[in-house]
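Chain residues, written in single-letter form:
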Amino acid sequence: MKIIPIGGIGEIGMNMILLKSEEDSIVIDCGVLFPPFQYLGVETIVPDYKQFCEKFNQTKTFFITHGHEDHVGGIPYLLNHCSPNIYATAYASEVIKARCVSVLGNKKVPNIKTVKFGDVIKVPGFEVEYIQVDHSIPDSSALFIRTHDSNVLYVADFRLMGKHKSSFLKRIGEIKKDRNIDILLSDSTNAHEDSDSISEDDVLLSLDSYFSKAKNKIIVTLFSSNISRINQIIKLSKKYNKSLFISGANLKTHINIARSLGYIEADDNCIRPDSELSKTEENNIVLICTGSQAEKYSSIVRLSKDMHNLKINENDLVIFSSSQIPGNEKVIMSTINRLSEKGAQIVYSGDYGVHCSGHANKKELKEVIRNIKPKYFIPMHGEHLHLKEHIDLAIEEGVKEKNCFIMKSGDEFVYDGENAKIKKKHEFNRCYVDSVTRELIDDVVIKERESVAENGLIIVTILVDASGQIVSKPQLMSYGTSKSAEVQDVLDDIEDKLFSFCKKHSKKGHLAKEIQEIKGMTKREFRKKYDNKPEVILNFLEI
């Protein structure tokens, strides 16, 4: 058995793991990584699937644990390079289909096989069983994986504070009676969290308290896939005879999926069409909207900037019923401050009790390890500090320190049925999804954007005749640099030097042959004065 994480270790997102037996290989999950917020026009980051499919071209089967973007969001981009069989539970299957239509249209259709909990899927070299766990999205799974020489339990995103705890632990107990679990891979997101988890019932009571006291309209932003929270808002809207409106395409997609599967609370017509929003009394409005992470074009951000058809007024209640993903704290607080400046009362997760995490805390993680008693332990899904904390918990529960491994993306963990070690490292490139075109771009484009952002841009325009001879002094325009007279003097000086260079070299042939030297000279001359090299775009215009 070999385990090779493609992503999802040392980071929050891009979960993807390759497992290899002597006969074949499988992949678990295929997610995206959300970059530092508004990072250089990048929406998400994915592995280089072309490279992956070329390296592991025999891998034909993917198993999906649940439908969150960091576990399924990469599938549309994978389909451009291979068409694997994809096993997933009902909700994840529908999310994958919707995601593929959104990105690919009808160009490529994923080959999805929908499974039920308790199903055991047999593929060459592997038997994979789906076990239901609680998480913040419906139909979440742990996977029990058997090969000829190993038993692996992969507990992806989960929590034990939920209605499936008993059945999950019962099934683990049944497995333990039949065979030992050699390797445990487990979610580490909240391995640092000491405080007790609160339940969904606790959240409902807290939300009810805020609804009962609201003086004006109520706005709730949350993760679009948090169907249990959406059901709570529907329940409270009915209780207080409010009109409920939905704002955000992704939110509507998840509600439609949940409704098709019977997971949405009967709304008794309290969910109203968008066309009625402007006609509804302010104190009768409840709005569920996207933007819990203050995404650039989300509804809550547009509300905070007066770019939404609904306006924030004094005494409006805005509830952030979500946690803050690491790295997003600053931009979320900026949004909260803008809403507060407009007079809104702000309630957010933490001491207010309006959100419960979908990830197990220390106590819950220890309980899982205690029940499983694995020989080897590999923490997953978290930054290095989370992984280290999780290993400390495993050691406290009796796993030998030498049998705990902190891996990095590309590491190859090898287990021969007796002993385990990290053998070698595979190199995997990454691609970036452009936030405008949604096409994949590579490191070269990112480096260009970084350079322009840091150093600015100079556009050099050179007029030439039909034979490629310069006809007038080059014109320089700068962007992202200072507009001071001193900088303009530097640009004028560069124009003169380029003119002299071009007159000299145009006699030897068409100036287009000197593109690299003209760019290099522009950068060098600017750096002499300001110690940075702006990006240069060179235009030849023939007159």
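Rules and cut-offs
Residues numbered from 1 in each chain as written. Predicted model: local features only at pLDDT ≥ 70, side-chain atom pairs only at ≥ 80, totals over all residues. Heavy atoms only, no water. Pairing = 2+ DSSP bridges. Helix = DSSP H or I, 4+ residues; strand = E, 2+ residues; numbered from the N terminus. Axes fitted to C-alpha atoms, helices over the stretch in contact; angles between N-to-C directions. Contact = heavy atoms within 4.5 Å. Expected span 1.5 Å × (residues − 1). Buried < 20%, exposed > 50% of the residue type's maximum accessible area, 1.4 Å probe, protein only. Arc of directions from axis to C-beta. Core = buried A, V, L, I, M, F, W, Y, C linked by side-chain atoms within 4.5 Å. Polar contact = N/O pair within 3.5 Å; in protein donor to acceptor, adjacent residues only side chain to side chain. Salt bridge = Lys/Arg side-chain N within 4 Å of Asp/Glu carboxyl O. 1 Å grid on protein atoms, 1.4 Å probe; cavity = no way out; pocket = protein on both sides within 12 Å on 5 of 7 lines; lining within 4 Å. Points joined across faces, edges and corners; volume = space filled by probe spheres on them.

1. Observations concerning the sheet that holds strand S12 (residues 183-187)
Moving on, step 1. Read from one edge of the open sheet, 6 strands run S8-S9-S10-S11-S12-S18, paired in mixed fashion. Single-partner strands in this sheet number two, and they are strand S8 (120-123) and strand S18 (376-380). Strand-to-strand twist across the sheet, computed as the mean angle between neighbouring axes with direction ignored, equals 20°.
Moving on, step 2. Across the sheet, helix H11 (residues 362-372) touches strand S11 (151-155), S12 and S18, and the angle it forms with S12 is around 165°.

2. Things to note about helix H10 (residues 329-341)
Moving on, step 1. End to end, H10 covers 18 Å across 13 residues, agreeing with the expected 18 Å (1.5 Å per residue, within 8%).
Moving on, step 2. Along H10, the residues classified as buried are Val 331, Ile 332, Thr 335, Ile 336 and Leu 339. Buried residues in H10, looked at end-on, bunch into an arc of 145°, giving them a common side. What points out from H10, more than 90 degrees from its buried face, is the exposed set Lys 330 and Glu 341.
Moving on, step 3. For H10, the secondary structure elements touched by its buried residues are helix H9 (299-304), strand S16 (317-320) and strand S17 (345-348).

3. With respect to the nonpolar core
Moving on, step 1. Counting 62 residues, the largest nonpolar core has Phe 52, Ile 75, Ile 96, Ile 230, Leu 244 and Ile 319 as its most contacted members.
Moving on, step 2. In terms of residue count, the dominant contributor to this core is helix H4 (residues 90-104) (6 residues).
Moving on, step 3. Residues Ile 3, Ile 9, Ile 17 and Tyr 415 belong to the second largest nonpolar core, which totals 31 residues.

4. Considerations on the side chain of Thr 335
Moving on, step 1. In this fold, Thr 335 is placed in helix H10.
Moving on, step 2. Of note is the side chain of Thr 335, whose polar atom sits 3.1 Å from the backbone oxygen of Val 331.
Moving on, step 3. With sequence-adjacent residues up to four places away left out, Thr 335 is seen in contact with Ala 294, Ile 300, Val 301, Ser 304 and Phe 320.

5. With respect to the pattern of salt bridges
Moving on, step 1. Under the criterion given, the structure shown has 37 salt bridges.
Moving on, step 2. One salt bridge connects Glu 535 with Lys 523, and the closest N-O pair in it is separated by 3.9 Å. Placement of Glu 535 in strand S25 (residues 535-542) and of Lys 523 in helix H15 (residues 515-530) is noted, with a sequence separation of 12 residues between them.
Moving on, step 3. Judged by relative accessible area, which is 22%, Lys 523 ranks as partly exposed.
Moving on, step 4. Ionic contacts of the salt-bridge type, sharing partners, join the residues Glu 43, Glu 69, Arg 99 and Arg 438 into one network.

6. Considerations on the environment of Glu 514
Moving on, step 1. By the secondary structure assignment, Glu 514 is in the loop between helix H14 (485-506) and H15.
Moving on, step 2. Separated by 340 residues in the primary sequence, Glu 514 and Glu 174 have C-alpha atoms spaced 74 Å apart.
Moving on, step 3. Once residues lying within four places of it in the same chain are set aside, the contact partners of Glu 514 are Phe 501 and His 505.

7. Remarks on the layout of surface pockets
Moving on, step 1. Of the pockets and cavities examined, the second largest pocket occupies roughly 710 Å³.
Moving on, step 2. Lining the second largest pocket are 29 residues; nearest its centre among them are Asp 134, His 135, Lys 163, Glu 200 and Ser 228.
Moving on, step 3. Contributing elements (two or more residues each) for the lining of the second largest pocket: strand S9 (126-133), helix H6 (200-213) and helix H7 (227-239).
Moving on, step 4. Among the elements that line the lining of the second largest pocket, the one with the most residues is H7, at 5 residues.

Scope: geometric values only; no functional claims are made or implied.
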